[in-house]
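Spelled out from the first residue to the last, the chains are:
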Amino acid sequence: MNAKVNIESIKEDLGTQLTAQLDISLDEMSIHGRQISFDNPAKLDLTVINSNDQYIITGKAELLVELPCSRCLEVFSMPLEFDFDFQVDKSVVDNDHIDLSQEILDGIRLHLPMKAACSEDCKGLCPSCGINLNEEECDCIMHKVDPRLAKLSKLLDKKSK
Ligand SMILES: [Zn+2]
Ligand SMILES: [Zn+2]
C-alpha cells in the first residue's frame, strides 16, 4: 500500500495545515480468520496540521470491502467508512512524507464488524446438510418450522396488530 501524504507545503510554518485526497490500493488480508479483499482504490480525505512537536492528522477513509458472509459464506461487497485521528512526532518524519499505511490498516481491523451478512434476510447454510438455503431448499428437519409454532406465531401476530 502506498498511503503517503506530502507535507512539504506546511512543514516550515507552525500552525499551518493542508488537506489532501488520496486514492490508495489495499492488498488482501486476513482479519479475524476471514480473507478480506478490497475494491480499489480506497479513498482517504484528510487534514494535516503542523503543530508544535507533532503533525496532527485527521480524516476519513472510504472503502469497499469484499468478504465472506458470516451466514452463507458467499463473498459479498460491503462499504466501510471510518474516521481516523492520530499524531506523528516530527522527529520520526524523514523527508517530506507521512506514511499513513499502519493507521489505515489498524482502522480497518478495528472497524470491520465481527459478523457481516450479505443481506438482512440471508438464510445461511443448513446446519445439517450444509447447502446454501438462499439458493436451494433441503428436506432436513433441523431448520423446518414446526407447524404448531407457525400457528402460534400467527396468533401472536394478530394480537400485536
Ligand atoms: Zn449470506
Ligand atoms: Zn439441509
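Preceding this section is the structure that the text describes.
A few points on the structure. Owing to the predicted nature of the structure, the values given are computational and were not obtained by experimental measurement. Per chain, residue numbering runs from 1 following the sequence as it is written. Think of it this way: whatever chain is written first is A, whatever ligand is written first is 1, and the rest follow in order. Per-residue local features are limited, in this predicted model, to residues with pLDDT of at least 70; the limit for side-chain atom pairs, both in listing and counting, is 80 or more; totals at the level of whole chains, interfaces and linings are taken over all residues.

### So, the pairing of strand S6 (residues 54–68)
With two bridges connecting them, strand S4 (residues 34–38) and S6 associate as antiparallel partners. Bridging across to S6, Ser37 finds its partner in Glu66. Whether two strands pair depends on DSSP finding at least two bridges between them. Runs of H or I in DSSP of at least four residues are treated as helices and runs of E of at least two as strands, each being numbered from the N terminus. Here strand S5 (residues 42–50) runs beside S6; their pairing, made up of eight bridges, is antiparallel. Each residue of the ladder has a partner; that of Lys43, found in S6, is Glu62. In this structure, the hairpin formed by S5 and S6 is closed by a connection of three residues. Where S6 lies against strand S7 (residues 75–89), 15 bridges are found, and the strand directions are antiparallel. Bridging across to S7, Gln54 finds its partner in Asp89.

### What about the environment of Arg34?
If you trace the backbone, Arg34 turns up in strand S4. Exposed residues have 12 or fewer other C-beta atoms within 10 Å of their own C-beta, buried residues have 20 or more, and partly exposed residues fall in between, where C-beta atoms are placed from the backbone. Accessibility expressed as a C-beta count within 10 Å gives 15 for Arg34, which makes it partly exposed. For the pair Arg34 and Ser70, spaced 36 residues apart in the sequence, the C-alpha separation amounts to 9.4 Å. Apart from residues no more than four positions distant in its own chain, Arg34 is found in contact with Leu67 and Pro68. Contact between residues is assigned whenever the C-beta positions, reconstructed from backbone atoms, fall within 7 Å.

### With respect to the nonpolar core
When a protein is soluble and globular, its nonpolar side chains tend to lie buried together. A set of buried residues qualifies as a nonpolar core if it consists of Ala, Val, Leu, Ile, Met, Phe, Trp, Tyr and Cys joined through C-beta atoms within 7 Å. Core analysis: the biggest nonpolar cluster contains 20 residues, and Val48, Leu63 and Val65 have the highest contact counts within it. Looking at this core, the elements with two or more residues in it are S4, S5, S6 and helix H1 (101–111). Element by element, the count of residues in this core is highest for S6, at six residues.

### Examining the environment of His97
As for its placement among the helices and strands, His97 is situated in strand S8 (residues 97–99). For the pair formed by His97 and Lys4, sequence separation is 93 residues and the distance between their alpha carbons is 5.9 Å. Leave out the neighbours within four places in its chain, and His97 touches Lys4, Val5, Asn6 and Ile7.

### Quick word on the pairing of S4
Of the strand pairs in this sheet, strand S3 (residues 29–31) and S4 are connected by three bridges, and their pairing is antiparallel. Among the inter-strand pairings, Met29 is bridged to a residue of S4, identified as Ile36. If you look at the hairpin formed by S3 and S4, you'll find two residues sitting between the two strands, and His32 has a positive phi there, around 50°.

### A word on the environment of Gly59
The residue Gly59 is located in strand S6 in this model. The class of Gly59 is buried, set by 22 C-beta atoms lying within 10 Å. Spatially, the C-alpha atoms of Gly59 and Asp45 are 5.4 Å apart, while their sequence positions differ by 14 residues. If we skip the residues at most four places from it in the chain, Gly59 touches Leu44, Asp45, Leu46, Thr47 and Phe84.

### Considerations on unusual backbone geometry
Residues apart from glycine generally show negative phi values, whereas peptide bonds are mostly found in trans. Residue Pro41 is reached from Asn40 by a cis peptide bond, and omega for that bond is 0°. Relative to the elements of secondary structure, Pro41 occurs in the loop between S4 and S5. You will see that His32, though not glycine, has its phi angle at about 50°, which is positive. When you line up the elements, His32 lands in the loop between S3 and S4. Backbone geometry places Asn95, a non-glycine residue, at a positive phi of 45°.

That is the geometry; function is a separate question.
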